[in-house]
Structures are given as C-alpha cells and as structure tokens.
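Chain by chain, the residues:
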Amino acid sequence: MTLAIPFAQVGKPSERLGRLEDRARIPLPPPYHDFEEPPLPALSPDIRARCECSLDDTVAVSTPRPATPDAEDAMVKGFLAGLDKLFSREDNWTFLEPLVLSMEHCTKCQTCATSCHIFEESGKNELYRPTFRSEILRRLYFKHRSGGSLLSRFQHGDIDINWTTIARLLELSYRCNLCRRCAQACPMGVDNGLVAREIRKLFSMELGIAPKEIHEKGSMLQLRAGSSTGMNPEAAHDNVAFIDEEMTEKTGIKVETKWDVAGADVLLMHNAGEMLSWPENPGAFALILEAAGISWTLSSELCGYDAVNYGLWYDDAQFARVVIKHAQIAKKLGVKKIVIGECGHAHKSMMVIADRILTGELNIPRESSLTLLAQIVDSGKLKLDPSRNDFPVTLHDPCNIVRLMGVVEPQRRVLRKIAPRFREMTPHGVHNYCCGGGSGFAIMSSHNFADWRMRVATRRKFRQILEAFQDDLDPARPKYVCAPCSNCKGAIRDILARYKAKEKVGIRYGGLVELIVNAMTDARPGFLSSDE
Amino acid sequence: MILIVLAYLALVTFAVAVALRTLRIARMPVHLRWELYPVPHEPHAAHGGSVFEELNWWQVRPKPNRLGGLKVMAREVLLLQGVREHNRQLWLRSYPFHGGLYLLGALILLLGLDAVAAGIKWNLGTAVAAITTVVGVAGFALLGIGALGLLTRRLADSALRAHSAPADLFNLVCFLVVATLGLVSFTVVDHDFSHLRAFARALLHLNPVVLPTLVVAQIVTGLALLVYLPFSHMSHFFTKWFMYHSVRWDDQANRVGSRLEATIQRQLGERVTWAATHVGGGAGRNWVDVATAQVKK
C-alpha cells in the first residue's frame, strides 16, 4: 500500500506523481508463487521529454507537451470549456444525469476501492484508487463552477486548475478498464467508471485528444476503411474465403460463408479482429449456423463486417456514427435481426447504449450470439458429444456482456451441455473481474503500456484462471479458458504468453463456438488440437 | 414564538430544498442506458440476468418484479446492505449512525402524535411517553456513537483523510453536536422528553412555551442541521432513489412508437458545440447532423 496522495500535490509539477511498486503486490498462486517479476521497462528520456507522462511509470495517450506557457493556458481554457459542456443538457444529454449524480453524492467512504482489480493488483497504489480521478474531476468542476469560492473549497475541497493537473487527469482516465465493478460496490450508486469515461470524452470531443489506437487507428479508421483492423471489404472477403477453406479441411464439413443475402433472418457481425487473430472463431460460427439451418449472412458494406465500436470507451459522436452505420446496413439488407458475435463491447454498444440512439426504422432488433447459440444447442439440431471436451474448462465473463447487460446464463447452459469438466472462476457472473483488456487496453500498446497492463490490469484475471485450475497444474493435461469476447481473448492471450502458462500449466484459451464445434460429432475429432 | 417561527422556516426551507433538488434531477434529459446488473426487477435477477437472455427478446414483455426491487431497497435502507457486504468496518460505524437517525425520525413522529393527541384531548397513556423516551435516548446515543466512529475513522485512515473535504468532517461534527446536545439535555433537564413534547405541542398549536436554554440549543442545532441536509451530499436520503431507479436499474427498452422514442428524437435535435475537429460541432449542427456526417477518407 502506498501513502495517500494529497490533492494539493496533483497540480504541482514533478517527474511523477506516483510509482508502481512491485514489492507491495500480492503473489500469484502456484506455480507462479515465487515468480520474479522483471521491472517495468522505463520510458525513454526522449518520450519523457516529448510527452505528458508525469503521472506514473507508463503513458497511454502520448499527448505532446505544450511548447509554451501560452499553449498550456490554451489547453487549460479548452479543458474548462469542455467541462462546461460535459455538464450541459445540449452537449451531454447522453450521460448528464448519471454524471451529475456521481459528482454530487460520493461520500468518499472508499467502499469501492477493494472491488477494483487495478487498485488491488497494484498493491493498493493510491494513484489507481477508483475515487482518485473522480475526486480530481469533482474538485475541478466545483472550483470552476463557483469561481473558486471559499464555500466551494470548504464543501468540495481544493485543487490547482493548471495544465499539470489536467494532463495527469487525462492519463488517469486511461488507468481504468471501465468495468464498473466499483459502481456495483458503491452503496450510493456512484459510478467512478462512468466518470473515467466522461473524462476521456471531454478530452476527445473538446480537445481532440485520445490514444491513437482507439481514435485515429480505431474508430476513425473503421469509418474510413471499414474496419479498425484496416481491412477493407475485399480483404474481408478474402480472409473469410480462406477461413472457410480451413474450416472445411479441418472439420470435414463444407463451410461456405454467405455475403450480403437480402432478407436473411440474421446479419452476423463479428469483431473483425477475429478474422485475423482467431480465424477459427468466425469459421466455427459459420459451421454452427449452417448446421442449425439458420438463414444468415455477413455484410461486405463498409463497417458492416466489423462490429467493434471504440466510441463506447471515449467519444459519443464516434460511437453514434458507427452504430448508425451498423443499423443502416442491416436496414438496407432487410434482415430480421443483427446478431453480435463474440465481442463484449460490441454487444453493449449495439444492444444497450445504442438503444437510445437508434429510433424508427433504424431500431433493428439486435441479439447476443450467446443467446442464439444456447437456443441452437438446446434445440438438439447439433449432434454433440461432450466427451470430446473432456478437459478442464473455465469461463471468463466479459464485463460488457455480463455485468453491464445481464447475459449470464446462456453461455453457461451451453457449457454445462458440452464441457463435462466445466468449473466457475471465483467470483463469476455479474461479480466477475475484468480481463484487464477492457475499454481499449487490449489494443493499446504504445511505449510500455502493454507491459503495465499485464502486470497490473490483467493480473487479477490471470490469478483467477490459475485458481480455477489449481486441482491439476500438469502442463501435459490441457485446460481451456473460454472467453467469448475478442478484447478479453487478446488480454488473456497476452498474459498466458507472458507467463508461458501453456508450457507451464497447459492453459489454452478460445471462444465458446470453438468448444461447440469441437463437440460436434459430424466434425472430425480434434478441432481444438492440443498444439493450438 | 421566535423558536416556533424558526422551526417553521426550517421545515419549509427543508421541504422546498428537497423539492427543488428532486425536480432538478427529475427534469434532466433521458440519458443513454447505463444499467448495472443485477437489476432486481428483472425476472432473471436471481443470477443477475436480463431480458437479453431471451431469444428474440424484443418480442418478450416481461412483467417487472416490483417486489424484487422493493426487497433490495428495503435491505438497503434498513440494513445498509451494500456497505455491509462490501465494507464491514464502515458498516459497524455507519449502521448505528443511520439507525440513530431512523430512531430520531421515529422520535419526531412520536412527538407529533403526542401533539395531535393533546389537541383532540386523546389520552395516549404513559406507554407512548415511555416509548418516546426510549426511542429518543437510543436515537441520540446511536447517532453519537456512529458519528464519532465515522469521524475518528475518517481522521485515522490516511486515504479517507486525503479524500475528505473540510465539509465531510464538518458534517460529522454537526451530527455529533446534535447527538451530544440531545443526550446532555436528556440527562440534565429533560429526563422524560416532556420539554420536547411541550415544544411539539406549541409548534402544532402555535402556542409559545418557555423552554430551558439547553433544550432551546438542542432544537436550534437540530433545525440548522435539517436546513443544511438537502444542500450537502447527505441529500442521498432522497437522491439515492434516482441513482438506483433512474440509472443503475433503468433498463427500459426503447420501443418503436413509444414516448421514450419521441423523447430521444427530440434530444437528438439538441445543438452540439463540442470543439474537436473530428466532431464537427457548432454552426447550429445538432446530434443527428453530427452522427450522420460522413468522415473524410
């Protein structure tokens, strides 16, 4: 545990406000209980000189330092203008009520702190306390609103309004996975996850500042090229054709993905990252939907083959643009519903957040693939042999699908039928822990940020995975982490690789559909071969 | 008479402040969905599930389990279940504090009952007076113990101290003063709360009464705290309803042709003035304009 950071320090220039101290952290379970963590690679002097990185030992946004005091003042003025907009009905009707309630009602009891995996796994580092960034915003807001009156300082506390404070607040908003486990623990209903998201939004929508991985190379690239992977429609076609061939060869079942079928029952939308990183996932979907006799299609329209929506994490305008594109594509095709593949944030974007953006003809029904898969498995349309999955399986609950939209049981219903050695993590369901890749972390890797993520944000998930398999750590016997979400899979892939968990414990990972195909008796055995 | 006027002024200020703050929140625009599961009125709440677990969920109109929501709220109000579950050390201090406040609420009701009974010449007997005394003493004692516990914890824990604004400490001191004055007054001059009863009767019948200084001080500090409450974050005693029902549990789906949809369409017409280039706000553009603008390739 580090010492509490006085808020008077936040606006005082220094090299760092705090440091990540490895010695304060809880050891991992066996076989990593005596694992010597190498130190976090230091940021280069060049980066430290060029970018705003005075928060801690890493940097997520890489904001250039303002060159002159005047440039600093201009940034502060811009921030304050954005702060006004954040609390206005016109510019922020989207989240005004929850934000105001969270700003005005925190009792600062710190009940939320122990529910945060980042705070806990950092050795209770005060920088990462969920209330820390919220309290900075709260103090800035009330001070700015009241003109720094004595009454306001008495009621809400004081803080320096300067570029140092603001630059640190920006970085702090990217030390939170937005998993909202802290909000679940708050007796008042205060939502520090929302506050982090709204800080990101202020910077993006007013000052145009956001990590390039989620803005320039994320939502902007998706709107321009069709996918945040950079894949254009032709490349998507080619990739899927290759996946179909591979699936056919591997399973012995002819797989042929259909594109742009007007009037299909289902428009399936994957996270396009699956096509590149986990091609067996869209392949397995195609095989299952065909075997179940579902009328389905993919779309080759720009954005239609990529369900991701990074705006969810940082920008309402980008969010709305992407989701409207998705709905327009579905409308044009005349499908009965959009089914979202195994991607957590795409689930929440399309089904929950977009619910109050899409109106009239654009309000196309949207459904979770997990619900559809459970129905397919329940229907008996697939011949399944659970003994093909006779190895330990545990389930990761993606926050966006489970805690934030209540899809808890369908995936479990499937696993109980196809995985005889399924065991839950602790805790699980709506009380799960984030994979550590949430809110863009899984794709953010500038400088040493990915390293920070793995040693702090993803560490709790790795701990849970190890605990779930403690009854058999023999690497010769395979284990499977079922993670029905692309970002979660990315985070889990990285952490398993970092600790060589496949070699040391035999832990593999993948989605739900891969397990279903592995159990299908019509398919050749060994779809999930042990060398994968 | 001054005390009676002050009391009515305090009550009116409290009621108006609560009403205005409630109205301010109630009139906020409909926000995007941001619920957090478990949502207790969902039929699948036992495992934290939602209607999204149903195939073709938009064709399903589940009957909300109102009782489920009430049960959770009752546990939250009566047992402070959230704190109990997630922060037992805090609960050990917060529960007596809130329990004391509930008992003092009951004391006010009992004093009111006595004043009404006196007006209509209804003899309540000695039992109500005895209950009033027990409830009052227990209320002040628990409030004092809780406030002292919360205050010392806030001062002793470096993180709590660092996050506290002066008002956070001031609020607890206020409650401690009210509780202490209540107990001192009971011990020194008002052993059976007869003076407080006399004040309640005077208040209801606008019939001034002479009270010991200590009781006057007790009443004045209590009234001052009452006025202060709705202006502080302690207003959660009524705003928490919004935090739960209007955010955390608000899973109302937007159906085509619904009133909700009409509200959203109206709000999509709000002007956008966000200044970042990629947003393309300003120049009278609204949310629809911004959201449907083509991004340059």
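Preceding block: the structure.
A short tour of the structure in this document, coming up. (Residues numbered from 1 in each chain as written. Chains lettered and ligands numbered in written order. Predicted model: local features only at pLDDT ≥ 70, side-chain atom pairs only at ≥ 80, totals over all residues. Heavy atoms only, no water.)

1. Let's talk about the interface of chain A and chain B
Right, so step 1: Taken residue by residue, the interface counts 96 residues in chain A and 88 residues in chain B.
Right, so step 2: Between chain A and chain B, roughly 8,100 Å² of surface is buried when both sides are summed, and carbon and sulfur atoms account for 60% of that area.
Right, so step 3: At the surface where chain A touches chain B, the tally comes to 5 salt bridges.
Right, so step 4: Close ionic contact of R21(B) with E104(A) constitutes a salt bridge, the shortest N to O distance being 3.1 Å.
Right, so step 5: Sorting elements by how many residues they give to the side of chain A that touches chain B places helix α5 (residues 96-105) of chain A first, with 8 residues. (Contact = heavy atoms within 4.5 Å. Buried area = accessible area lost by both parts, 1.4 Å probe. Salt bridge = Lys/Arg side-chain N within 4 Å of Asp/Glu carboxyl O. Helix = DSSP H or I, 4+ residues; strand = E, 2+ residues; numbered from the N terminus.)

2. Examining the sheet that holds strand β5 (residues 393-395) of chain A
Residues and elements named next belong to chain A.
Right, so step 1: Read across the open sheet, the 4 strands follow the order β6-β5-β7-β8; overall the sheet is parallel. Every other strand in the sheet has two partners, leaving β6 (422-423) and β8 (507-510) as the edge strands with one partner each.
Right, so step 2: Against the sheet, helix α23 (residues 486-498) engages β7 (479-482) and β8, with an angle of about 165 degrees to β8.
Right, so step 3: Running at roughly 130 degrees to β7, helix α25 (residues 512-519) makes contact with β5, β7 and β8 of the sheet. (Pairing = 2+ DSSP bridges. Axes fitted to C-alpha atoms, helices over the stretch in contact; angles between N-to-C directions.)

3. Notes on helix α17 (residues 316-333) of chain A
All names here are of chain A.
Right, so step 1: Between its first and last C-alpha atoms α17 spans 26 Å; for 18 residues at 1.5 Å apiece the expected length is 26 Å, and the two agree.
Right, so step 2: For α17, a buried count of 15 out of 18 residues is recorded, marking the element as mostly surrounded by other parts of the structure.
Right, so step 3: The backbone nitrogen of A317 lies 2.9 Å from a side-chain oxygen of the residue at the head of α17, namely D315.
Right, so step 4: Positive phi shows up at G334, right after α17, with a value of about 70 degrees. (Expected span 1.5 Å × (residues − 1). Buried < 20%, exposed > 50% of the residue type's maximum accessible area, 1.4 Å probe, protein only. Polar contact = N/O pair within 3.5 Å; in protein donor to acceptor, adjacent residues only side chain to side chain.)

4. A short note on unusual backbone geometry
Right, so step 1: In the segment running from P30(A) into P31(A), the intervening peptide bond is cis, with an omega of 5 degrees.
Right, so step 2: Here P31(A) shows up in the loop between α1 (7-10) and α2 (45-50).
Right, so step 3: The omega angle of the peptide bond from Y37(B) to P38(B) is 10 degrees, so this bond is cis rather than trans.
Right, so step 4: As for its position among the elements, P38(B) is in the loop between α1 (2-26) and α2 (66-79).
Right, so step 5: Its identity is not glycine, yet Q110(A) carries a phi of approximately 70 degrees, on the positive side.
Right, so step 6: Owing to a relative accessible area of 9%, Q110(A) belongs among the buried residues under this scheme.

5. A closer look at the pattern of salt bridges
Residues and elements named next belong to chain A.
Right, so step 1: Under the criterion given, the structure shown has 55 salt bridges over all chains.
Right, so step 2: The residue R412 makes a salt bridge to E424 at a minimum N-O spacing of 2.6 Å. Of this pair, R412 sits in helix α20 (residues 410-418) while E424 sits in the loop between β6 and α21 (449-457), placing them 12 residues apart in sequence.
Right, so step 3: Using a relative accessible area of 3% as the deciding quantity, one classes R412 as buried.
Right, so step 4: E424 gets classed as partly exposed once you look at its relative accessible area, which sits at 26%.
Right, so step 5: When the shortest N-O distance is used, the salt bridge between R423 and D471 registers 3.1 Å.

6. Regarding the sheet that holds strand β1 (residues 266-269) of chain A
All names here are of chain A.
Right, so step 1: Here 4 strands make up an open sheet; going across it, the order is β2-β1-β3-β4 and the pairing parallel. In this open sheet, the two edge strands, each paired with only one partner strand, are β2 (296-297) and β4 (366-368).
Right, so step 2: Bridge analysis of β1 against β2 gives 2 bridges, and the strand direction is parallel. Along β2, the bridge assignment pairs L267 with T297.

7. A look at the layout of surface pockets
Right, so step 1: Roughly 1,000 Å³ of volume is contained in the second largest pocket.
Right, so step 2: If you go around the second largest pocket, you meet 43 residues; those closest to its centre are R356(A), W249(B), D250(B), D251(B) and Q252(B).
Right, so step 3: Sorting the residues of the lining of the second largest pocket by element identifies α1, α2, α10 (236-248) and α11 (259-267) of chain B as the ones contributing at least two each.
Right, so step 4: When residues of the lining of the second largest pocket are assigned to their parent elements, the largest contribution, 5 residues, is made by α11(B). (1 Å grid on protein atoms, 1.4 Å probe; cavity = no way out; pocket = protein on both sides within 12 Å on 5 of 7 lines; lining within 4 Å. Points joined across faces, edges and corners; volume = space filled by probe spheres on them.)

8. Considerations on the packing of aromatic side chains
Right, so step 1: What the rule picks out here adds up to 30 aromatic pairs over all chains.
Right, so step 2: Here the aromatic rings of W57(B) and W58(B) are separated by 5.8 Å at their centres, their planes lie at 85 degrees, and the arrangement is edge-to-face. Accessibility classification places W57(B) together with W58(B) in one group, the buried group.
Right, so step 3: Taken together, the aromatic side chains of Y32(A), F35(A), F462(A) and Y499(A) make up a single cluster linked through ring pairs.
Right, so step 4: Above the ring of F7(A), the side-chain terminus of R139(A) is found at 4.3 Å from the ring centroid. (Phe/Tyr/Trp six-rings, centres within 6.5 Å; stacked < 30°, edge-to-face > 60°. Lys NZ or Arg CZ within 6 Å of the ring centre and 35° of its normal.)

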